[in-house]
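Architecture at a glance
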Amino acid sequence: AQSVTQLDSHVSVSEGTPVLLRCNYSSSYSPSLFWYVQHPNKGLQLLLKYTSAATLVKGINGFEAEFKKSETSFHLTKPSAHMSDAAEYFCVDSGGYNKLIFGAGTRLAVHP
Amino acid sequence: NAGVTQTPKFRVLKTGQSMTLLCAQDMNHEYMYWYRQDPGMGLRLIHYSVGEGTTAKGEVPDGYNVSRLKKQNFLLGLESAAPSQTSVYFCASSLAGYNEQFFGPGTRLTVL
């Protein structure tokens, strides 16, 4: 069965340091991959998406993700964390027609 | 544009009571979805619709019913609420099945 694995349930960084949130997928076909962010008591907002046009995808708020087929990975990065980045992040695979397969989420904490 | 809106934002039910959650979107999207979010489990698809008058089961459909009488609205019903249905419910919509989904702000439901 298709699945999405987020390798860290919690990540803690200091403000101004890099962020790395790790995601592996298991699609046997060429996936459509997304990163969503959820701030406390809010809905999910799309950060970026990969749809095979380019392996390095730039999103909003300075985030980017690199699709690596050989590693079946789609890790999310940001060069310098900001306090407002504290939230939960979900890696998502389109899972084929009509379905999204969610990872369990990574909670990012940013300390002053 | 309001995007995706959900009514109500919060609700407390007693076991056995019924209720309907309303989702509305103003983006002329064909596809609409209902998810539930529980701690540590990401989002799980309850039901979805690929167009006005159509509905289909998702991953966790038991205990829920849906209707899509108008393109812009997608209703989720609980006929006899159970404590296991305590969760945060999110509605989403998309232009097509493989596109990114746009999420509403969520409804926090507690069943006592």
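Here we summarise the structure given alongside this text. Sequence order as written defines the numbering, with residues in each chain counted from 1. Here the convention is simple: chains get letters from A, ligands get numbers from 1, in the order in which they are written. Predicted model: local features are reported for residues with pLDDT of at least 70 only, side-chain atom pairs are reported and counted for 80 or more only, and whole-chain, interface and lining totals are derived from all residues. Hydrogens and water are ignored here; the side-chain numbers use all heavy atoms of the structure.

**Considerations on the overall build of chain B**
For clarity, the cut-off: Numbering goes from the N terminus for both helices and strands, where a helix is a DSSP run of H or I of at least four residues and a strand is a run of E of at least two. Only C-alpha atoms enter the radius of gyration; for comparison, a globular chain is expected to reach 2.2 Å times N to the power 0.38, where N is the number of residues. Each residue is placed in one exposure class: buried if its accessible area under a 1.4 Å probe, protein chains only, is under 20% of its type's maximum, exposed if it is over 50%, and partly exposed if it falls in between. In this analysis, two residues are considered to be in contact whenever any of their non-hydrogen atoms come within 4.5 Å of each other. Note that His is not counted, nor are the chain ends; the positive residues are Lys and Arg, and the negative ones are Asp and Glu. All charge positions are set by atom: Lys at NZ, Arg at CZ, Asp at CG, Glu at CD.
Broken down by element type, chain B carries 0 helices and 11 strands. Traced from its N-terminal end to its C-terminal end, chain B shows the element sequence β-β-β-β-β-β-β-β-β-β-β. Taking 13 Å as the expected radius of gyration for a compact globule of 112 residues, we find that chain B reaches 13 Å, a close match to that expectation. Taken along the three principal axes of its C-alpha coordinates, chain B extends 35 × 30 × 25 Å. A total of 112 residues make up chain B; the buried ones form 50% of that total. Pairs at least 24 apart in sequence give 55% of the contacts found in chain B among residues at least 6 apart. Chain B carries 10 positive and 8 negative side-chain charges, and their two centres are separated by 8 Å.

**Some words on the interface of chain A and chain B**
Threshold: Salt bridges are defined by distance alone: a side-chain nitrogen of Lys or Arg within 4 Å of a carboxyl oxygen of Asp or Glu. What qualifies as a polar contact is a pair of N or O atoms within 3.5 Å, subject to a donor-acceptor requirement within protein and to the restriction that residues adjacent in sequence count only when both atoms come from side chains.
Contact residues are listed per partner, giving 16 residues for chain A and 20 residues for chain B. For the pair chain A and chain B, the interface holds 1 salt bridge. Here glutamate 100 of chain B makes a salt bridge to lysine 49 of chain A, at a shortest N to O gap of 2.7 Å. Across the chain A-chain B interface, the total number found is 4 residue pairs in polar contact (both at pLDDT 80 or more). Broken down by secondary-structure element, the contributors of at least two residues to the side of chain A that touches chain B are strand E5 (33-38) and strand E6 (44-50) of chain A.

**What to know about the pattern of salt bridges**
All names here are of chain B. As enumerated under the stated definition, the model contains 8 salt bridges over all chains in all. Of the charged contacts in the structure, one is a salt bridge between lysine 71 and glutamate 30, with a shortest N-O distance of 2.9 Å. Of this pair, lysine 71 sits in the loop between strand E7 (65-67) and strand E8 (73-78) while glutamate 30 sits in the loop between strand E3 (19-25) and strand E4 (31-37), and the two are 41 residues apart along the sequence. On the accessibility criterion, lysine 71 (19% relative accessible area) is buried. A residue is classified by how much of its surface remains accessible, and glutamate 30, at 31% relative accessible area, is partly exposed.

**Some thoughts on the packing of aromatic side chains**
Here is the rule: Only Phe, Tyr and Trp rings are paired, with Trp represented by its six-membered ring, and only when their centres lie within 6.5 Å; those with planes under 30 degrees apart are stacked, over 60 edge-to-face, the remainder tilted.
Going through the model one piece at a time under the given rule, you end up with 13 aromatic pairs over all chains. Relative to tyrosine 36 of chain A, the ring of phenylalanine 34 of chain A lies with its centre 6.2 Å away and its plane at 40°, an arrangement referred to as tilted. A residue is classified by how much of its surface remains accessible, and tyrosine 36 of chain A, at 0% relative accessible area, is buried. Between phenylalanine 102 of chain A and tyrosine 35 of chain B the ring centres are 5.5 Å apart and the planes differ by 75°, which places this aromatic pair in the edge-to-face class. Pair noted here: phenylalanine 102 of chain A is in strand E11 (residues 101-102) and tyrosine 35 of chain B is in strand E4, and the two residues belong to different chains. Across the pair, exposure class does not vary: phenylalanine 102 of chain A and tyrosine 35 of chain B are buried alike.

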